[in-house]
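Overview (structure and organization)
Okay, here's what each chain looks like letter by letter:
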Amino acid sequence: MRIGLVAGPWIPVPPVTYGGIERVVDSLARGFAAAGHEVVLAAPSDSTCPVPLVPGMRPAQIDELGSAISELSLVTRAYEAMGNVDIVHDHTLAGPLYMQRPKGVPVVTTIHGPLNEQAVDIYRAIGRHAAVIAISRDQCSRAPEVPVARVIHHGMDVASVPVGDGSGGYLCFVGRACPDKGLLEAIVLAREAGIPLRIAVKMRQPDEIRYFREVIEPMLGPNEDFVGEVNDATKYRLMGEALAFLNPIQWSEPFGLVMIEALATGTPVIGTPIGSAPEIIDHGLTGFLGGTDQLPGFVQEVAGLSRATCRKVAEDRFGEERMVNEHLVLFGQLLEGQMPAGVPDTVGLHQNL
């Protein structure tokens, strides 16, 4: 197949530090190419993913994160270059609604965010003429009116992640500085457990900076070590040396990529059973899930969990190859006419959630 991939304009593919969607797009691009398919990627010009890039793109525009006009500009240029592909996998919001896309080329899109009321309106419209992928069953179940062709969990290149031994004697938190990610709850949890907490957070946007300065910074004390935003090598070392990774999220996160990163390092996860977490963490095997009042008690129990099992689960269930293959099966079915490009039959899917 000749596969066109479309990413957003704000973060390069792969990202240097923060950028979950861009990590997934990078893994897909590499995986599709490794499987023998031709891949062309529409992404910021400073992307380093080793597949052909659509020429004429602008560098990553992180300062315009979320801007509709910057996304539309990239989408316009992207689809101008997609005339010779067999199928387009679009990871933007605007792209699947773009009217000037090549005729006869099926478009697949992935829902990366929560299906709130506004998103439901958009994806119902997209589903009329594109195949929609959800990233967790929890995400899918929240909007049965959205026609979802497949639920495909994210994956990653687990083999590239070093396995840690948990010898650091600390707990760790990696995420964005915002209430939803549960950083405040992680600080309280670690203190109640009497174990030091190392914190790595993305803090670039005004709301993130404000939350950190007004809520988190006044809370920091001798039990917390704030290390800031980190690259992959530092992140995996931080995770791998931790006794456990804390993920007390406070919202229905569609898919917590950071959890499979922790498992890849061999580190069990302690968090709340919200959103996709129960689809990723096996309670009592690769971590513990419970209410915030229960979590401190689980900290003492993680020593009894097998770090080798955490790693194996990451390899078996959340590897890059599995994710790539599930996408390729869907693409093949679309191109062979086994299912329509828009409004797929998802009655059985939703009934089985």
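Structure first, text after, so check above.
Scope of this entry: the structure provided in the associated data block.

Criteria and thresholds
- Residues numbered from 1 in each chain as written.
- Predicted model: local features only at pLDDT ≥ 70, side-chain atom pairs only at ≥ 80, totals over all residues.
- Heavy atoms only, no water.
- Helix = DSSP H or I, 4+ residues; strand = E, 2+ residues; numbered from the N terminus.
- Buried < 20%, exposed > 50% of the residue type's maximum accessible area, 1.4 Å probe, protein only.
- Contact = heavy atoms within 4.5 Å.
- Salt bridge = Lys/Arg side-chain N within 4 Å of Asp/Glu carboxyl O.
- Core = buried A, V, L, I, M, F, W, Y, C linked by side-chain atoms within 4.5 Å.
- Pairing = 2+ DSSP bridges.
- Axes fitted to C-alpha atoms, helices over the stretch in contact; angles between N-to-C directions.

**Focus: the side chain of Lys181**
Structurally, the position occupied by Lys181 is in the loop between β7 (171-176) and α5 (183-193). You can call Lys181 buried: its relative accessible area is 16%. Excluding residues within four positions of it along the chain, Lys181 makes contact with Phe173, Arg176, Pro248, Ile249 and Glu253.

**With respect to the pattern of salt bridges**
In total, this model carries 17 salt bridges according to the counting rule given. One salt bridge connects Asp86 with Arg2, and the closest N-O pair in it is separated by 2.8 Å. Of this pair, Asp86 sits in the loop between α2 (68-80) and β3 (87-90) while Arg2 sits in strand β1 (residues 2-6), and the two are 84 residues apart along the sequence. On the basis of relative accessible area, Asp86 is assigned to the partly exposed category, the value being 24%. A salt bridge links Arg23 to Asp232; the nearest nitrogen and oxygen atoms lie 2.8 Å apart. Taken as a pair, Arg23 in helix α1 (residues 20-34) and Asp232 in helix α7 (residues 232-240) lie far apart in primary sequence, 209 residues in all.

**Here's the deal with the nonpolar core**
A general feature of soluble globular proteins is that nonpolar side chains tend to end up buried together. The biggest cluster of nonpolar side chains holds 57 residues, and the ones touching the most others in it are Phe32, Leu41, Val108, Met239, Phe245 and Ile280. When residues in this core are grouped by element, the largest group, 7 residues, is from helix α8 (residues 257-264). Once residues within four sequence positions are removed from consideration, Val108 is found in contact with Ile87, Val88, His89, Asp90, Ala131, Ile133, Leu330, Phe331 and Leu334. Of all hydrophobic cores here, the second largest spans 30 residues; its members include Val6, Met57, Ala78 and Val85.

**Let's talk about the sheet that holds strand β9 (residues 224-226)**
In sheet architecture, strand pairing relies on hydrogen bonds along the backbone and comes in two forms, parallel and antiparallel. The strand order β9-β8-β7-β10-β11-β12 describes an open sheet built from 6 strands, whose pairing is parallel. Only two strands of the sheet have a single neighbouring strand rather than two, namely β9 and β12 (287-289). Across the sheet, the mean angle from the axis of one strand to that of its neighbour is 25°, orientation sign disregarded. Its contacts with the sheet place α7 against β7, β8 (197-202) and β10 (244-247), and it is angled at close to 145° to β7. Together, β7, β10 and β11 (269-271) form the strand contacts of α8, whose direction differs from that of β10 by roughly 175°.

**Re the sheet that holds strand β5 (residues 131-134)**
Spatially, β2-β1-β3-β4-β5-β6 is the arrangement adopted by the 6 strands of the open sheet, whose pairing is parallel. Looking at the sheet topology across the chains shown, the edges are occupied by β2 (38-42) and β6 (150-151). Two elements, β1 and β3, share 4 bridges in a ladder whose sense is parallel. Directly across from Ile3, in β3, lies its bridge partner Ile87.

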